[in-house]
Amino acid sequence: MNIFNKLIVRDPSFYKKVLTLAMPIALQSMIAIGVNMLDTIMVGSLGEAELSATSLANSFISIYHIFCMGIGMGASVLISRYWGMKSSEPEKASLSLKKTVCIMLRIALFLALLFAIITFFFPSLIMRSYTTDEKIISFGALYFKYSIITYFFLGLSLVCTIALRSVGQVKLPLYVSMGAFSINLAANYVLIFGKLGFPKMGVAGAALATLISRIFETAIICGYLFFKDNKIGFRLKNLFMKTSDLIGEYIRISIPVLVSDAILAFGNNAVAMVIGRLGQTFVAANAITSVTQQVSSVVIQGVCQSGAIVTGQTLGEGDKEKTITQGYGFLGLGFLLGILASLCIIIISPFIIKSYNVTETTAQTAHQLMNAISIIILFQATNSIMTKGVLRGGGDTKMLMLADNIFLWILSIPLGIVAGFVFHLSPFWIYICLKFDQISKAVWCVLRLRSGKWIKKINTAKN
């Protein structure tokens, strides 16, 4: 059968299941992006130095965020597979689910402690790794001061949300995000600008508002998982259960995801360091465009996670042929969503840029970056859905770990450095070079899907 004919799955229930999973995830992502956009707009009204500081500080915090995504999505590969096995081996599947969640939570909490210690002792040093501007460094260190405890709440809410999604629990996290958005909006207004009798805190207020919304989010999500949820059946006492028999399988499947996303996080921060040294104008423009890129790709991210869940559950049911058919269906969705996202960026970018209080030079640079992103997103949609969705759900985590980082570290970062500091190209071409891994990886994903080697066997807990 021609590959283009395979891109459309003839079973309507497939698209219904993908939509049921993807849309709540996409809406939740949109709300999270809305929070970030409000932060940047509100902080941006204080000045470009404040906007640049919070953007670069969040580049470091995003390392932990990506670590947790790696932990959670790695565990999701196992959780969705075990959930698919519940009909055939209920006892083994149930025990394996609990042990996987236990390991996931332990790793997330350990990393939260590690990042909190680093941020507490070295805030200025972290900022200096991104920029040499003392004013930006000072604002960034202040932002970090109020973000230290946030790591724990961010990590717990994120990994628990991913665990719930892996067994089809997608509505609660969406509703909780709506509440967190409202709380963050109100707290931002009060704390950043000093309303209702509170002191004007500026960038510190933005960090504190984020912490307050994270506490709310964690209380609801973790409270539900630990005391109410019956699908996974995990309870607070299970944090102390023995997991030695599943550690090996968790490491084999999940740790490559963590390592891959961790190295990618450092790679993305290397990109941020390159951008930081291109000047305050480029940094501020990138802060604007990154939010726009996130808005345009929320549905893509939803389909990514639904791809991992659907693939894992179908393989757990033992239907390999159906899994392959669905894989091509997700590839087709990637092509379509890439085109739609590109059009979205082209349409909304002028309005987004005008909403920021920046100089004309910064606005012009932002326009160039928007044009570059509208091209990159065409390829990023496809490879994201395949690498973070289908191929990951199939258990092909070791190969993905290699591919993700080879394309980033050997291709994109060197090209970006040469484009920016040797040839001094325009912002458009610098950004294209910094994101060139998205183009090359999209081609690799198609070849990997066709090979069929991405489907791996996963074992269960023994006792």
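Residues numbered from 1 in each chain as written. Predicted model: local features only at pLDDT ≥ 70, side-chain atom pairs only at ≥ 80, totals over all residues. Heavy atoms only, no water.

1. Regarding the overall build of the protein chain
If you tally the helices and strands in the protein chain, you get 17 helices and zero strands. The C-alpha atoms of the protein chain give 22 Å as radius of gyration, which agrees with the globular expectation for 463 residues (23 Å, within 12%). With respect to the principal axes defined by its C-alpha atoms, the protein chain has extents near 60 × 50 × 35 Å. The burial tally for the protein chain puts 59% of its 463 residues in the buried class. Within the protein chain, contacts between residues at least 6 apart in sequence are counted, and of these 84% link residues at least 24 apart. Entry remark: accessible area of the protein chain is about 18,800 Å², with carbon and sulfur atoms responsible for 68%. For the protein chain, the separation between the mean place of its 39 positive charges and that of its 20 negative charges on side chains is 5 Å. (Helix = DSSP H or I, 4+ residues; strand = E, 2+ residues; numbered from the N terminus. Rg over C-alpha atoms; globule rule 2.2 N^0.38 Å. Buried < 20%, exposed > 50% of the residue type's maximum accessible area, 1.4 Å probe, protein only. Contact = heavy atoms within 4.5 Å. Areas by Shrake-Rupley, 256 points an atom, 1.4 Å probe, with all protein chains shown as cover. Lys, Arg positive; Asp, Glu negative; His and termini not counted. Charge placed at Lys NZ, Arg CZ, Asp CG, Glu CD.)

2. Looking at the packing of aromatic side chains
Per the counting criterion, the structure on display carries 12 aromatic pairs. Considering the side-chain rings of Phe 121 and Phe 122, the 6.4 Å spacing of their centres and the 50° angle between planes classify their relative orientation as tilted. Exposure remark for Phe 121: the relative accessible area of 55% places this residue in the exposed category. The class of Phe 122 is partly exposed, set by a relative accessible area of 43%. Between Phe 226 and Phe 234 the ring centres are 5.9 Å apart and the planes differ by 45°, which places this aromatic pair in the tilted class. Assigned by exposure class, Phe 226 and Phe 234 land together as buried. Each member of the aromatic cluster is reached from another via a ring pair, and the members are Phe 60, Tyr 64, Phe 67, Phe 115, Phe 144 and Tyr 151. (Phe/Tyr/Trp six-rings, centres within 6.5 Å; stacked < 30°, edge-to-face > 60°.)

3. Considering the packing of helix α15 (residues 397–422) against helix α17 (residues 436–451)
Packing of α15 against α17 leaves a shortest axis separation of 8 Å and a crossing angle of 150°. On the basis of the axis angle, α15 is roughly antiparallel to α17. When the axes of α15 and α17 are compared, the crossing they make is right-handed. Facing α15, whose interface residues are Met 399, Leu 400, Ala 403, Asp 404, Phe 407, Leu 408, Leu 411, Ser 412 and Leu 415, α17 presents Phe 436, Asp 437, Ser 440, Lys 441, Trp 444 and Arg 448. Residues belonging to the contact of α15 with α17 are distributed by class as follows: nine nonpolar, two polar and four charged. (Axes fitted to C-alpha atoms, helices over the stretch in contact; angles between N-to-C directions. Parallel < 35°, antiparallel > 145°, perpendicular 65-115°, else oblique. Left-handed = near helix turned anticlockwise from the far one by under 90°. Nonpolar A, V, L, I, M, F, W, Y, C, P; charged D, E, K, R; others polar.)

4. Comments concerning the packing of helix α11 (residues 280–296) against helix α14 (residues 360–393)
Closest axis-to-axis distance for the α11/α14 pair is 8 Å, and the angle between their directions is 40°. You can see that α11 and α14 cross each other, and the crossing is right-handed. Every residue of α14 that contacts α11 at Thr 281, Phe 282, Ala 284, Ala 285, Asn 286, Ile 288, Thr 289, Thr 292, Gln 293 and Ser 296 is listed here: Thr 361, Thr 362, Thr 365, Ala 366, Leu 369, Met 370, Ile 373, Ile 377 and Gln 380. Among the residues making up the contact of α11 with α14, the classes are represented as nine nonpolar, 10 polar and no charged.

5. A short note on the pattern of salt bridges
For the coordinates displayed, the defined rule picks out seven salt bridges. Here Arg 128 ties to Glu 134 by a salt bridge, and the two come within 3.2 Å at their closest N and O atoms. With a closest N to O distance of 3.2 Å, Lys 388 and Asp 404 form a salt bridge. Of this pair, Lys 388 sits in helix α14 while Asp 404 sits in helix α15, and the two are 16 residues apart along the sequence. A single salt-bridge network, built from bridges that share partners, covers Lys 388, Asp 404 and Lys 441. (Salt bridge = Lys/Arg side-chain N within 4 Å of Asp/Glu carboxyl O.)

6. Looking at a nonpolar patch on the surface
Taken together, the side chains of Leu 336, Ile 339, Leu 340, Leu 343, Ile 346, Ile 347, Phe 351, Ile 375, Leu 378 and Phe 379 define a hydrophobic patch exposed on the protein surface, amounting to about 940 Å² of accessible area. Mapped onto the nonpolar patch, the elements with two or more residues apiece are α13 (320–354) and α14. It is α13 that provides the largest number of residues to the nonpolar patch, a total of seven residues. Assignment of secondary structure puts Leu 343 in helix α13. Taking the relative accessible area as the measure of exposure, Leu 343 reaches 46% and is therefore partly exposed. (Patch = residues over 30% accessible without salt bridge, like charges linked within 9 Å, V, L, I, M, F, W, Y side chains within 5 Å.)

7. Considering the environment of Leu 236
Tracing the sequence through the fold places Leu 236 in the loop between α9 (203–227) and α10 (244–276). In this structure the C-alpha to C-alpha distance between Leu 236 and Cys 222, which are 14 residues apart in sequence, comes to 9.4 Å. With sequence-adjacent residues up to four places away left out, Leu 236 is seen in contact with Phe 226 and Phe 227.

8. A word on the nonpolar core
Residues Val 101, Met 104, Leu 105 and Phe 330 are the most contacted members of the largest nonpolar core, which totals 143 residues. Ignoring any residue separated from it by four or fewer positions in sequence, one finds Met 104 in contact with Ile 71, Gly 72, Ala 75, Val 159, Cys 160, Ala 163 and Tyr 250. (Core = buried A, V, L, I, M, F, W, Y, C linked by side-chain atoms within 4.5 Å.)

9. A look at the side chain of Thr 119
Mapped onto the secondary structure, Thr 119 falls in helix α4 (residues 90–121). A relative accessible area of 1% places Thr 119 in the buried class. Beyond its immediate stretch of four places on either side in the chain, Thr 119 contacts Phe 60, Ile 126, Phe 144, Ile 148 and Tyr 151.

10. Some points on helix α3 (residues 48–84)
Between its terminal C-alpha atoms α3 stretches 50 Å, which fits the 54 Å expected from 37 residues at 1.5 Å a residue. At Phe 60, α3 is deflected by roughly 30°, the largest bend along its length. Most of α3 sits inside the fold, with 31 of its 37 residues counted as buried. (Expected span 1.5 Å × (residues − 1). Bend = angle between axes of the 7 residues up to and from the residue.)

11. Section: α14
At Met 386, α14 shows its largest kink, close to 35°. Counting buried positions over the 34 residues of α14 gives 24, a clear majority of the element. At the C-terminal side of α14, Gly 395 shows a positive phi close to 90°.

12. Here's the deal with unusual backbone geometry
Located in the positive-phi region is Leu 196, a residue other than glycine, with phi close to 55°. If you trace the backbone, Leu 196 turns up in the loop between α8 (171–193) and α9.

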